[in-house]
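Observations on the three-dimensional arrangement
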Amino acid sequence: GFASGRPSGGGTIQCRGCRLGTTITVKVGSPDRENSSPATVASDGRSLWAAAAASRTVYRVNPKSGRILDSVAGVDGSAIAVADGAAWVAEPRRGDIVHIDARGRVIARIRVPGDPTRVAADATTVWVAIPHPQGAVWRARSAVLRIDAKTRNRVAVVSVPARNIVMISSRI
């Protein structure tokens, strides 16, 4: 899978109608002021997943045609990773990682200790960056959480001093 997050410098998702079968345009750069929302995107080469913060919707898009294949309402994603055709979405406002299957169905919400900001995944593992886990002294620690992709159980938490920069990627 490929990890992704908000593009530096902003990003937008523009959608005409935002229904299945409509066309979506994903732009990286400064967001338009009139008809845009912050975006995060990820792809596994077969499909593109995009989250529109303003509408709290995650879209699965055909990368060749730009047609929306599925939409999942009620997910306010800040980062997405794609593995095995499914999406793992960080939802910091709720403190969840949302697992969406290849058909666009939410199959699990995994509570994490804090506000997840980045996510990376492959067929076996999901890695989640959490800047300030619950219970940590403010700005003193960050953490990286490991989740088993098959069971969706939290497996390990690695504590990281906050002064260190945490970067996660599913590719090395």
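Below or above, wherever it landed, is the structure these notes cover. Remember, predicted model here, so these are calculated numbers, not experimental data.

1. Overview of the nonpolar core
Among the nonpolar cores identified, the biggest contains 16 residues, and Trp88, Ile97, Val119, Val126, Val128 and Ile147 are the most heavily contacted of them. Mapped onto this core, the elements with two or more residues apiece are strand 8 (79-83), strand 9 (86-91), strand 12 (118-121), strand 13 (125-130) and strand 14 (141-148). Apart from the residues lying within four places of it in its own chain, the contact partners of Val126 are Trp88, Val119, Ala120, Ala121, Leu145, Arg146, Ile147 and Ala149. Formed by twelve residues, the second largest nonpolar core is a distinct cluster that contains Ala42, Val58, Val98 and Ile100.

2. A few points about the pairing of strand 13
Extensive coverage of strand 13 is indicated by the burial of five of its six residues. As paired strands, strand 12 and strand 13 are joined by four bridges and run antiparallel to one another. Bridged to Ala121 within strand 13 is Val126.

3. Quick notes on the environment of Gly74
Looking at where Gly74 falls in the secondary structure, it is placed in the loop between strand 7 (68-73) and strand 8. Here Gly74 falls in the partly exposed class, since its relative accessible area comes to 25%. Residues Gly74 and Ser55, spaced 19 residues apart in sequence, show a C-alpha to C-alpha distance of 8.0 Å. Each residue touching Gly74, except ones within four places of it in the same chain, is listed here: Arg56, Glu91, Arg94 and Arg109.

4. A word on unusual backbone geometry
Outside of glycine, negative phi angles account for most residues, and trans bonds account for most peptide bonds. Positive phi is not limited to glycine here, since Asp84 has a value of about 55°. Residue position: Asp84 is located in the loop between strand 8 and strand 9. Residue classification places Asp84 among the exposed positions, given a relative accessible area of 51%. Not every positive phi belongs to a glycine, and Arg152 is a case in point at roughly 65°.

Rules and cut-offs
- Residues numbered from 1 in each chain as written.
- Predicted model: local features only at pLDDT ≥ 70, side-chain atom pairs only at ≥ 80, totals over all residues.
- Heavy atoms only, no water.
- Core = buried A, V, L, I, M, F, W, Y, C linked by side-chain atoms within 4.5 Å.
- Buried < 20%, exposed > 50% of the residue type's maximum accessible area, 1.4 Å probe, protein only.
- Helix = DSSP H or I, 4+ residues; strand = E, 2+ residues; numbered from the N terminus.
- Contact = heavy atoms within 4.5 Å.
- Pairing = 2+ DSSP bridges.

Without other data, these values stay purely geometric and don't point to any function.
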